[in-house]
Amino acid sequence: MFSEELEKINWEATTEAIYSKTESDVLRALGKEHCDVDDFMALVSPAAEKYLEPMAQLSRKYTEERFGKTISMFIPLYITNSCTNSCVYCGFHISNPMARTILTPEEIENEYRAIKKLGPFENLLIVTGENPAKAGVPYLAKALDLAKSYFSNLKIEVMPLKTEEYAELIKHGMNGVICFQETYNKARYNVYHPRGMKSKFEWRVNGFDRMGQAGVHSIGMGVLIGLEDWRTDVTMMAYHLRYLQKHYWKTKYSVNFPRMRPAENEGFQPNVIMSDKELAQVTFAMRIFDHDVDISYSTREPAYIRDHMASLGVTTMSAESKTEPGGYYTYPQALEQFHVSDERTAVEVEHALKSLGREPVWKDWDASFDFVK
């Protein structure tokens, strides 16, 4: 399990190593076709900031060699905001006085129909809060069963599950799982996740192993930028990615770097602010580190950033996202988990990408990339 590997990687020593990288380390990393984690540290270090242009060109080169000019399009659907966790930064926080919604099967299907009217989406991400008693595996299985008539590729972003539960959902059409570790800093993890199942660090970080053991086709990872030093957190994720690729080599992987935005309770302010330039840096660094990993930008990011990065490393985007349960049809004014920044319609995003020479792909989330080798 990765938790055992993580015990061997010291957070403070890793931070020190990153900030001690020199321009020579950066140039060495840029000169290698295949980078290791130490090279990745150099590429996300402050020493690399003056090399963003060559990093961008290398990132573009590797992206187009592997993915062509395609951008895979997906849309998230929140089916419940019921949650038993106490994440201090989240609008779904259990103590937040808000109406809790668990969509019925009929309401879920109404959402599917509404989504299909927005654009030719085939890639659906089903999202829930973490309340296994009221919205557990049987509820997710039903949502997946209903979705198969409308979408060809189904992923979930839900509470970490047991291996056998992931295996069960695969039988209902689930193709992939996305889970955010939020932060790999175990010493401070419970500062942000004090209560609920999400407070169990090992259970969450080892969830990726359970996905791999279950044979999940696609695994998505991410850290929440705003909690701890972003350079150290993304380096820990790079270690985690390499570990997973070694142990579950048949699985495809994606990464995400969501920058914290205001939640409804607005009581928590980010500890770390990542600039646009730094977001570009970590994106370039990840592409140079791993030519095959899918890099995803959600509508948390503003339109100008998404458009700019579409040709420089990003390979998957969401569009016209609603982050409240039932937001496409049933409860369009419900409470959001977070505020989106890119509010363009799916059609507007498609037109923008085409004007930039990109090819939006609406179906077969992962398979759409297989033709470029």
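Chains are numbered independently. Their residues run from 1 in the order of the written sequence. Two thresholds apply to this predicted model, a pLDDT of at least 70 for residue-level local features and 80 or more for giving and counting side-chain atom pairs, whereas whole-chain, interface and lining totals are computed over all residues. In computing side-chain properties, one takes all heavy atoms of the structure into account and sets aside hydrogens as well as water.

As named in an unreviewed UniProt entry, the chain is 2-iminoacetate synthase ThiH, taken from Phocaeicola faecium. UniProt positions are given in the numbering used here, feature names are shortened, and annotations may be inferred rather than shown by experiment. As its UniProt record puts it under Cofactor (unreviewed entry), the chain is described as follows: "[4Fe-4S] cluster".

Engineer: Mind laying out the packing of aromatic side chains, listing which residues take part and the relevant values?
Structural biologist: Stacked, edge-to-face and tilted are the three classes for Phe, Tyr and Trp ring pairs, Trp counted by its six-membered ring, which pair at centre distances within 6.5 Å; planes under 30 degrees apart are stacked, over 60 edge-to-face, the rest tilted. Using the criterion set out here, one finds 11 aromatic pairs in the structure. Measuring from centroid to centroid gives 6.5 Å for Tyr 89 and Phe 268, while their planes differ by 65°, and the two rings are edge-to-face. A residue pair is termed long-range when its members are at least 10 positions apart, and Tyr 89 in the loop between strand 1 (70–80) and helix 6 (105–118) and Phe 268 in the loop between strand 6 (252–256) and helix 13 (276–289) qualify at 179 residues. For the pair shown, Tyr 89 and Phe 268 are each scored as buried. Look at Tyr 112 and Tyr 150: their rings are 5.8 Å apart centre to centre, the planes differ by 50°, and that puts the pair in the tilted class. Here the residue Tyr 112 occupies a position in helix 6, and Tyr 150 occupies one in the loop between helix 7 (137–147) and strand 3 (153–157), the gap between them amounting to 38 residues. Here a helix means four or more residues in a row that DSSP labels H or I, a strand means two or more in a row labelled E, and each is numbered from the N terminus. We call a residue buried when its accessible area falls under 20% of the maximum for its residue type, exposed when it is over 50%, and partly exposed in between, using a 1.4 Å probe and counting protein chains only.

Engineer: Which residues make up the pattern of salt bridges, and what values go with them?
Structural biologist: Any carboxyl oxygen of Asp or Glu that lies within 4 Å of a side-chain nitrogen of Lys or Arg is treated as forming a salt bridge with it. Under the definition given, this model contains 25 salt bridges. Linking Glu 64 and Arg 358 is a salt bridge whose minimum nitrogen-to-oxygen distance equals 3.2 Å. Separated by 294 residues along the polypeptide, Glu 64 in helix 5 (residues 52–67) and Arg 358 in the loop between helix 15 (346–355) and strand 9 (359–361) bring together distant segments of the chain. For Arg 358, a relative accessible area of 8% gives the class buried. The shortest N-O distance in the salt bridge between Asp 276 and Arg 259 comes to 2.9 Å.

Engineer: Summarise helix 2 (residues 11–19); cite the residues concerned and give the values.
Structural biologist: For helix 2, the complete set of buried residues consists of Trp 11, Thr 14, Thr 15 and Ile 18. End-on view of helix 2: buried residues confined to an arc of 100°, all on one side of the axis. Set apart from the buried face of helix 2 by more than 90 degrees, the exposed residues are Glu 12 and Glu 16. Whether two residues touch is decided by their heavy atoms; if any such pair falls within 4.5 Å, the residues are in contact. Turning to helix 2, the residues buried within the fold contact helix 4 (37–44) and helix 12 (230–247). Any pair of N or O atoms that falls within 3.5 Å is considered a polar contact. Within protein, one atom must be able to donate a hydrogen and the other to accept it, and sequence-neighbouring residues count only if both atoms are side-chain atoms. The N-cap of helix 2, judged by a side-chain oxygen 3.0 Å from the amide nitrogen of Glu 12 a few residues on, is Asn 10. Note: the arc covers the axis-to-C-beta directions of the helix.

Engineer: Tell me about empty space enclosed by the protein, and name the residues and values.
Structural biologist: A cavity here means a set of points on a 1 Å grid, drawn over the protein atoms and nothing else, where a 1.4 Å probe fits but cannot get out; a pocket is an open set with protein on both sides within 12 Å along at least five of seven lines, and a residue lines either one if it has an atom within 4 Å of a point. Grid points are joined across faces, edges and corners, and a volume is the space filled by probe spheres set on the points. The full count for this structure, using the stated rule, is two cavities of 30 Å³ or more. The volume enclosed by the second largest cavity comes to roughly 50 Å³. Along its surface, the second largest cavity is lined by Asn 256, Phe 257, Pro 258, Arg 259, Leu 279, Ser 296, Tyr 297, Ser 298, Arg 300 and Glu 301. Each residue belonging to the lining of the second largest cavity can be placed in one class, and the counts come to four nonpolar, three polar and three charged. In this classification, the charged set is Asp, Glu, Lys and Arg, the nonpolar set is Ala, Val, Leu, Ile, Met, Phe, Trp, Tyr, Cys and Pro, and all remaining amino acids, among them Gly, are polar.

Engineer: Lay out the pairing of strand 2 (residues 123–128) in plain terms, naming residues and giving numbers.
Structural biologist: Here strand 2 lies mainly inside the structure; six of its six residues are buried. A two-sided burial pattern is seen for strand 2, the buried positions comprising Asn 123, Leu 125 and Val 127 on one face and Leu 124, Ile 126 and Thr 128 on the other. Pairing geometry for strand 1 and strand 2, over five bridges, is parallel. Residue pairing in the sheet places Pro 76 in a bridge with Leu 125 of strand 2. Here the term right-handed applies to a crossover when the path leading from its first strand over the helix to its second strand runs clockwise, the strands being oriented away from the viewer. Crossover strand 1 to strand 2 through helix 6 is right-handed. Looking at chain direction, strand 2 and strand 3 are connected through five bridges and run parallel. What sits directly across from Asn 123, in strand 3, is Asn 153. Any two strands with at least two DSSP-identified bridges between them are counted as paired.

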